[in-house]
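Chain and residue survey
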Amino acid sequence: MVETILITGANRGIGLALTKLSLIKNLNIEACFRDDKKSEELQELSLEHPNLNIHKMDVTNSESIKKISQNINFKVDILVCNAGVNNGKGDIFSKEHNEKAIMDVMMANVAGPFLTIKNFYKNLNVNHGAKIAIISSLMGSQQHSSSNAPIYRASKAAANNLMRTISNQFINDNVIVASYHPGWVRTDMGGSHADISPEESAEGLMKQFLNLKSNDTGKFFNYDGSVLPL
């Protein structure tokens, strides 16, 4: 049986790398993006690959998600909540940590996975075991000590907490829920001096997604499969 993967934020960075890797692995792909102007490569790929369906969707808007959930052609085996934003790397006194920026980060990084999972739950392939992966960050771990990017860190800590809460709710539903640190990745968010490429991150993440077992639910993993502290 060919598995179906749904990826949010699939138009660039780690999301685009996961989309390309899913094509290599011959998965059915439902790739979601928010901005047409930043999705040219994804749109071109969809013209070349019949197993890649793309959807313009805002993960912070329930109606937008519901509309797409009604048009998904396959039951979803792997739901990847990857879409996210960062409002800057400054400290608590940074001007970039204003009210609007805080709201944008919390809506994308916390409400985004919550609304995505809530509205796509009915699309999950629970009969054969479904998997939900929330892309978080080591910066959200309570064991990670630093004073920069306080709002981004708080949003990723909240995403991990959300993962634990949802994993408890779905524990008897044949649905595995886990969160992942993708590594320090050379993307617009990670910067050019980061440790690994999007492709390296995607390779590690995909291996973990495909090998998730029921006893992995509720856990926070590194992209290489090692368990991380919440």
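Look a little higher up for the structure.
Structural notes, computed from the coordinates.

**Comments concerning the overall build of the protein**
On a plain count of helices and strands, the protein comes out with 6 helices and 7 strands. N-terminal to C-terminal, the α/β element order of the protein is β-α-β-α-β-α-β-α-β-α-β-α-β. For 230 residues, the compact-globule estimate of 2.2 N^0.38 gives 17 Å, and the C-alpha radius of gyration of the protein, at 16 Å, lies within 12% of that figure. Over its C-alpha atoms, taken along the principal directions, the protein stretches across nearly 50 × 40 × 35 Å. Out of the 230 residues belonging to the protein, those deemed buried represent 53%. Restricting to contacts in the protein with at least 6 residues of sequence separation, those with at least 24 account for 67%.

**Quick word on the state of the cysteines**
Considering all chains together, one arrives at 0 disulfides under this definition. Free of any disulfide, Cys 32 has its nearest cysteine sulfur in Cys 81, 9.9 Å distant.

**Regarding helix α6 (residues 198-210)**
Its 13 residues place the ends of α6 18 Å apart at the C-alpha level, agreeing with the 18 Å of an ideal helix rising 1.5 Å per residue. Every buried residue of α6 is accounted for by Pro 198, Ser 201, Ala 202, Gly 204, Leu 205, Met 206, Gln 208 and Phe 209. Where the residues of α6 are buried, they touch β1 (4-7), α1 (13-24), β4 (78-81), β5 (130-135), β6 (175-181) and β7 (220-222).

**Focus: the packing of aromatic side chains**
Tallying each qualifying case throughout the model produces 3 aromatic pairs. Judged by centre distance (5.1 Å) and plane angle (75 degrees), the rings of Tyr 180 and Phe 209 are edge-to-face. Placement of Tyr 180 in strand β6 and of Phe 209 in helix α6 is noted, with a sequence separation of 29 residues between them. An identical accessibility class is assigned to Tyr 180 and Phe 209; each is buried. Ring centres 5.7 Å apart and planes at 25 degrees place the aromatic pair Tyr 180 and Phe 221 in the stacked group.

**Side note on the sheet that holds β7**
Strand order in the open sheet formed by 7 strands is β3-β2-β1-β4-β5-β6-β7, with parallel pairing between adjacent strands. For this open sheet the edge positions go to β3 (52-56) and β7, each flanked by a neighbour on one side alone. Between one strand axis and the next, the sheet turns by 20 degrees as a mean value, whatever way the strands run. Pairing analysis gives 5 bridges linking strand β2 (residues 28-33) to β3, with the strands arranged parallel. Across the sheet, Phe 33 pairs through a bridge with Lys 56, a residue of β3. Of the strands in this sheet, β1, β2, β3 and β4 touch α1, which is tilted by about 165 degrees from β1. Sitting on the sheet, helix α4 (residues 99-120) is in contact with β1, β4 and β5, with an inclination near 155 degrees to β4.

**A few points about the pairing of β5**
Counted residue by residue, β5 has 6 buried out of 6 residues, so it is predominantly covered. Alternating positions in β5 separate into two faces, Ala 130, Ile 132 and Ile 134 on one and Lys 131, Ala 133 and Ile 135 on the other, with burial throughout. In the sheet, β4 pairs with β5 via 4 bridges, with the strands oriented parallel. Residue Cys 81 lies in a different strand from β5, and its bridge partner there is Ile 134. A crossover links β4 with its parallel partner β5, the connecting element being α4, and its sense is right-handed. In this sheet, β6 lies alongside β5 in parallel orientation, the contact comprising 6 bridges. When the sheet's bridge partners are listed, Ile 132 is paired in β6 with Val 177.

Rules of the game
- Residues numbered from 1 in each chain as written.
- Predicted model: local features only at pLDDT ≥ 70, side-chain atom pairs only at ≥ 80, totals over all residues.
- Heavy atoms only, no water.
- Helix = DSSP H or I, 4+ residues; strand = E, 2+ residues; numbered from the N terminus.
- Rg over C-alpha atoms; globule rule 2.2 N^0.38 Å.
- Buried < 20%, exposed > 50% of the residue type's maximum accessible area, 1.4 Å probe, protein only.
- Contact = heavy atoms within 4.5 Å.
- Disulfide = S-S within 2.5 Å.
- Expected span 1.5 Å × (residues − 1).
- Phe/Tyr/Trp six-rings, centres within 6.5 Å; stacked < 30°, edge-to-face > 60°.
- Pairing = 2+ DSSP bridges.
- Axes fitted to C-alpha atoms, helices over the stretch in contact; angles between N-to-C directions.
- Right-handed = clockwise from strand over helix to strand, strands pointing away.

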